[in-house]
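Breakdown of the fold
Each chain, written out:
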Amino acid sequence: MIGKLRRWGREALVMVLVLITIVVLMDWWRAPKMPTTFDSTPLQTLDGQTLTLNALSEERPLLLYFWASWCGVCRYTTPSVSRLVEEGENVMTIALRSGEPQAVLRWLEQKKVQLPVVNDASGELSRNWQVGVTPTLVVLYKGEVVSSTTGWTSYWGMKTRLEWAAL
């Protein structure tokens, strides 16, 4: 009996290590590329603010969340991002090809989430970052990309990435 448990434990450990390796390799392969001029590119939010990502990430880590209203996985990730915003975390979101500003605002209202949003209706900003998958999350700190991931990410995964970036 103990032999079977040990063997099962080893097999489970190997499977976990394989899964972690696959996730890390996929994140590396799908990682967005920071544009060379991102720090000086002014961005306009839906509420009329003009900002730069460099300025937002200067004092504390910034979670940059690329999402889309048509993205099936984003419906599970967006509430966690909204929770981070409610808690006062430093977050900026980019709505990728989700329509005109009013359409994005209606979508946010329907989903009952409040997010700071830069509307990337044409997809140009996302193309500059080479974002090929939604959702994509990038953590920036002091103008540098600290980490990135694509696909579904838990609230605690996002929170941990922000905490690690500050260390």
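Predicted model only: the values in this text are computed from it and were never measured. (Residues numbered from 1 in each chain as written. Predicted model: local features only at pLDDT ≥ 70, side-chain atom pairs only at ≥ 80, totals over all residues. Heavy atoms only, no water.)

**Considerations on unusual backbone geometry**
Our working rule: A helix here means a DSSP run of H or I that spans at least four residues, while a strand means a run of E at least two residues long, and both kinds are numbered starting from the N terminus.
Note the cis peptide between T134 and P135, where omega equals -5°. On the secondary structure map, P135 appears in the loop between α5 (124–128) and β6 (136–141). Phi angles above zero are rare outside glycine, and R97 is one such case at about 40°. Relative to the elements of secondary structure, R97 occurs in the loop between β4 (91–96) and α4 (101–111). Of note, Q130 is a non-glycine position whose phi angle comes to about 60°, a positive value.

**Brief notes about the pattern of salt bridges**
Heads up, the rule is: A pair is scored as a salt bridge if a Lys or Arg side-chain nitrogen falls within 4 Å of a carboxyl oxygen belonging to Asp or Glu. Working definition: with a 1.4 Å probe on protein chains only, accessible area under 20% of the residue-type maximum means buried, over 50% means exposed, and in between means partly exposed.
This structure, assessed with the given rule, holds four salt bridges. Among the ionic pairs, K159 bridges to E89, the shortest N-O distance being 2.7 Å. A residue pair is termed long-range when its members are at least 10 positions apart, and K159 in helix α6 (residues 155–166) and E89 in the loop between α3 (74–86) and β4 qualify at 70 residues. When sorted by exposure, K159 lands in the same class as E89, which is buried. A single network of salt bridges, built from pairs that share partners, joins R83, E87, E89 and K159.

**Digging into the nonpolar core**
Soluble, globular proteins show a tendency: their nonpolar side chains are buried together. Going by this rule: Put simply, buried Ala, Val, Leu, Ile, Met, Phe, Trp, Tyr and Cys residues joined by side-chain atoms within 4.5 Å make one nonpolar core. Residues count as neighbours in contact if any of their non-hydrogen atoms are within 4.5 Å of one another.
Core analysis: the biggest nonpolar cluster contains 23 residues, and L63, W67, V81, L84, L108 and V117 have the highest contact counts within it. Sorting the residues of this core by element identifies β3 (62–67), α3, β4, α4, β6 and α6 as the ones contributing at least two each. Tallying contributions element by element places α6 first for this core, with four residues. When residues no more than four places from it in sequence are discounted, the contact partners of V81 are Y65, V91, T93, L115, L137 and M158. Counting 14 residues, the second largest nonpolar core, distinct from the first, contains L43, L51, L62 and L64.

**Things to note about the side chain of S126**
With respect to the secondary-structure elements, S126 resides in helix α5. Since its relative accessible area comes to 1%, S126 is described here as buried. Contacts of S126, omitting those with residues within four sequence positions, involve F66, I94, L96, D120 and V131.

**Focus: the sheet that holds β6**
Selection criterion: Strands are treated as partners if at least two bridges between them are detected by DSSP. Helix axes are fitted to C-alpha atoms over the stretch in contact, other axes to C-alpha atoms as well, and angles between N-to-C directions run from 0 to 180 degrees.
The five strands lie next to each other as β5-β4-β3-β6-β7, forming an open sheet whose pairing is mixed. Looking at which strands have only one partner, the edges of the open sheet turn out to be β5 (117–120) and β7 (144–150). Strand-to-strand twist across the sheet, computed as the mean angle between neighbouring axes with direction ignored, equals 20°. Where β3 meets β6, five bridges bridge the pair, whose relative direction is antiparallel. Bridge pairing in β6 links F66 to T136. Docked against the sheet, α3 engages β3, β4 and β6, running at close to 150° with respect to β3. Packed onto the sheet, α6 meets β3, β6 and β7 and runs at close to 20° relative to β6.

Any link to function would need more than the numbers given here.
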